[in-house]
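Listed below, chain by chain, are the residues.
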Amino acid sequence: MRSLFRDESKLDINYTPRHLQHRDFQLELMSQYFRHALETPGKMTQRVIVTGKVGTGKTVLTQHFGQKITREAQRRSIPLRYIHVNCRQNKGSFFLVLQRIVTEFHPTFPKRGYSAEELLQVLMQILDEQDAYLLITLDELEPLIENEGSDPLYKLTRIAESHPKEPGRLSLICILRELRWLNKLDASTRSTLQSNILTLDDYTQKQLQDILNDRIPLAFRADVVPEETVMLTSELGEEEGGNARYAIELLWRAGKYADAEKSGEVTPEHVRKAVGSVYSTVRRDEIATLAPHEKLLLLALARRFQQTAAAHLSMGDAEESYRIVCEEFDEEPRGHTQLWKYVKRLSNLGVINATISTSGVRGKTTLIGLPRVPASDLENELTGFLKPEAGRI
Ligand SMILES: Nc1ncnc2c1ncn2[C@@H]1O[C@H](COP(=O)(O)OP(=O)(O)O)[C@@H](O)[C@H]1O
Ligand SMILES: [Mg+2]
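Just so it is clear, the structure is predicted and the values come from calculations on it, not from any experiment.

Parameters and conventions
- Residues numbered from 1 in each chain as written.
- Chains lettered and ligands numbered in written order.
- Predicted model: local features only at pLDDT ≥ 70, side-chain atom pairs only at ≥ 80, totals over all residues.
- Helix = DSSP H or I, 4+ residues; strand = E, 2+ residues; numbered from the N terminus.
- Rg over C-alpha atoms; globule rule 2.2 N^0.38 Å.
- Contact = placed C-beta atoms within 7 Å.
- Near = placed C-beta within 6 Å.
- Nonpolar A, V, L, I, M, F, W, Y, C, P; charged D, E, K, R; others polar.
- Domains from an automatic or database assignment.
- Pairing = 2+ DSSP bridges.
- Axes fitted to C-alpha atoms, helices over the stretch in contact; angles between N-to-C directions.
- Parallel < 35°, antiparallel > 145°, perpendicular 65-115°, else oblique.
- Left-handed = near helix turned anticlockwise from the far one by under 90°.

Colleague: Please clarify how the overall build of the protein chain should be interpreted in this entry.
Modeller: Helix and strand counts for the protein chain stand at 16 helices and eight strands. Its C-alpha atoms give the protein chain a radius of gyration of 23 Å, near enough to 21 Å, the size a compact globule of 393 residues would have. Its C-alpha atoms give the protein chain principal-axis dimensions of roughly 70 × 60 × 35 Å. Long-range pairs, those at least 24 residues apart, make up 72% of the contacts in the protein chain with a sequence separation of at least 6.

Okay, structure coming up:
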């Protein structure tokens, strides 16, 4: 039996689609923000924040924009480079991020012997020598802020101003899932960053359907993915927060199930079978960006759920387990109000669900459920992130 796939790499997370669906307006807005980079290069630098939930196309949108603006610059003979760096993959280290950027210009640049500060100087020197402009996208910026605070962004945004007579060479796009990370920056860095914010809304079911239908002919053989399958996958993607990544991965796994069963097509039943297994990979990087105490709370919940057959935990139970976990990690537990905020956020992210119960003798209480992921998987996932590494959780 032949595989139903024509080329499954087209559903891979690292594949960049040729066309973007439903993001014309946002691409145009980016072009507007960076218009002067093409019209009056060097006169002024720009900073834009792109924000949106996981799977709303932040990475793919900025990459497309990067290609678009470099093409246009080339047409006008403007030496503009676009470099896309993922801060999480570079361990949230400014040094590694800068090293990545410098080696784009000089692949053999020595890996040792320079500080972050010096690398930044080297970079500016290269740009001056080549009389070039650079647009950097800092993707998944959260770990860089978490590790190094305001410093990297402060330096990157100020570098132009420290040489007032020289042309502005460095522009920035910052990608954040949530704008609340900006609160961790000092006021002046924050204010230079937050003037241009582009928010990517969750995809609707219909939009996800279009995204899938665009990808299916590249990934699958003709007529093996019926429209009902696309409907179900896009519905589940919408429920998952308008998450295109989820929808695409779900379809890929459904295809794998169909192949394993030697089926002639990918059916809705294959999608349903795939649902359970997609969750953990999609959630992994979501968990990575949680604040330390949100991770501790989630770990506490994961452990408690393994000890109980109940479907829900009370807020009191949650707090108690959280305090035990804090003790283990030698962390000062946060107060009730703060915990409440964590519960709300985790619930907004869909990792847990929180409902108010009005039954029971003590009146209202919050009930916490873990709807989708096995508690043991969640615990394993979290322990990976919470290894007390260099005194930091
Ligand atoms: N508008 C779109 N058109 C086509 N594919 C898209 C679109 N938006 C997202 N995708 C695809 O969905 C997946 C998730 O997008 P990504 O840019 O990684 O999201 P984010 O960075 O916001 O988490 C990727 O495989 C991407 O190619
Ligand atoms: Mg991304």
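Here the narrative resumes.
Colleague: Before we go on, may I ask you to explain the site of ligand 1 in this structure?
Modeller: Taken together, 18 residues sit near ligand 1, with Gly57, Lys58, Thr59, Val60 and Ala244 positioned nearest. Counting only elements with at least two residues in the shell around ligand 1, the list comes to helix H3 (58-75) and helix H11 (244-260). Split by residue class, the shell around ligand 1 holds eight nonpolar, seven polar and three charged. Of the residues that make up the shell around ligand 1, three or more belong to each of domain 1 (24-200) and domain 2 (203-287).

Colleague: What is the right way to read the sheet that holds strand S8 (residues 365-369) from this model?
Modeller: In a beta sheet, neighbouring strands are held together by backbone hydrogen bonds and run either parallel or antiparallel to one another. If you trace the three strands from one edge of the open sheet to the other, you get S6-S8-S7, paired in antiparallel fashion. Of all strands in the sheet, those bounded by a partner on one side alone are strand S6 (312-314) and strand S7 (353-357). Across the sheet, the mean angle from the axis of one strand to that of its neighbour is 35°, orientation sign disregarded. Note that S7 and S8 share five bridges and pair antiparallel. The residue of S8 that forms the bridge with serine 357 is threonine 365. Sheet strands in contact with helix H15 (residues 336-349) are S7 and S8, and its direction is about 120° off that of S7.

Colleague: Quick question: what am I supposed to make of the sheet that holds strand S3 (residues 133-139) here?
Modeller: Strand order in the open sheet made by the five strands is S2-S3-S4-S1-S5, with parallel pairing throughout. The sheet is open, and its two edges are formed by strand S2 (80-86) and strand S5 (197-200), each paired on a single side. Direction aside, neighbouring strands of the sheet carry axes that sit 15° apart on average. Of the pairings in the sheet, the one linking S3 to strand S4 (residues 170-176) comprises five bridges and is parallel in character. Its bridge partner lying in S4, leucine 135 is registered against serine 171. Contacts from helix H1 (residues 24-33) reach strand S1 (47-52) and S5 within the one sheet, and its direction differs from that of S5 by about 170°.

Colleague: How do you make sense of the packing of helix H13 (residues 292-307) against helix H14 (residues 315-328) when you look at a structure like this?
Modeller: Two numbers describe a pair of packed helices, the interaxial angle and the distance between the axes. The interhelical angle for the contact between H13 and H14, taken along N-to-C directions, is 115°, at an axis separation of 8 Å. By the angle class used here, H13 and H14 are roughly perpendicular. Here H13 and H14 pass one another in a crossing that is right-handed. Across the interface between the two elements, Leu296, Leu297, Leu299, Ala300, Leu301, Arg303 and Arg304 from H13 touch Asp317, Ala318, Ser321, Tyr322, Ile324, Val325 and Cys326 from H14. Its residues assigned to classes, the contact of H13 with H14 shows ten nonpolar, one polar and three charged.

Colleague: Can you help me understand the domain arrangement of the protein chain in this one?
Modeller: Interface size is often expressed as the accessible area that is lost when the parts come together. Here the domain parsing of the protein chain yields domain 1 (24-200), domain 2 (203-287) and domain 3 (290-386). Between domain 2 and domain 3, the C-alpha centre-to-centre distance is 30 Å.

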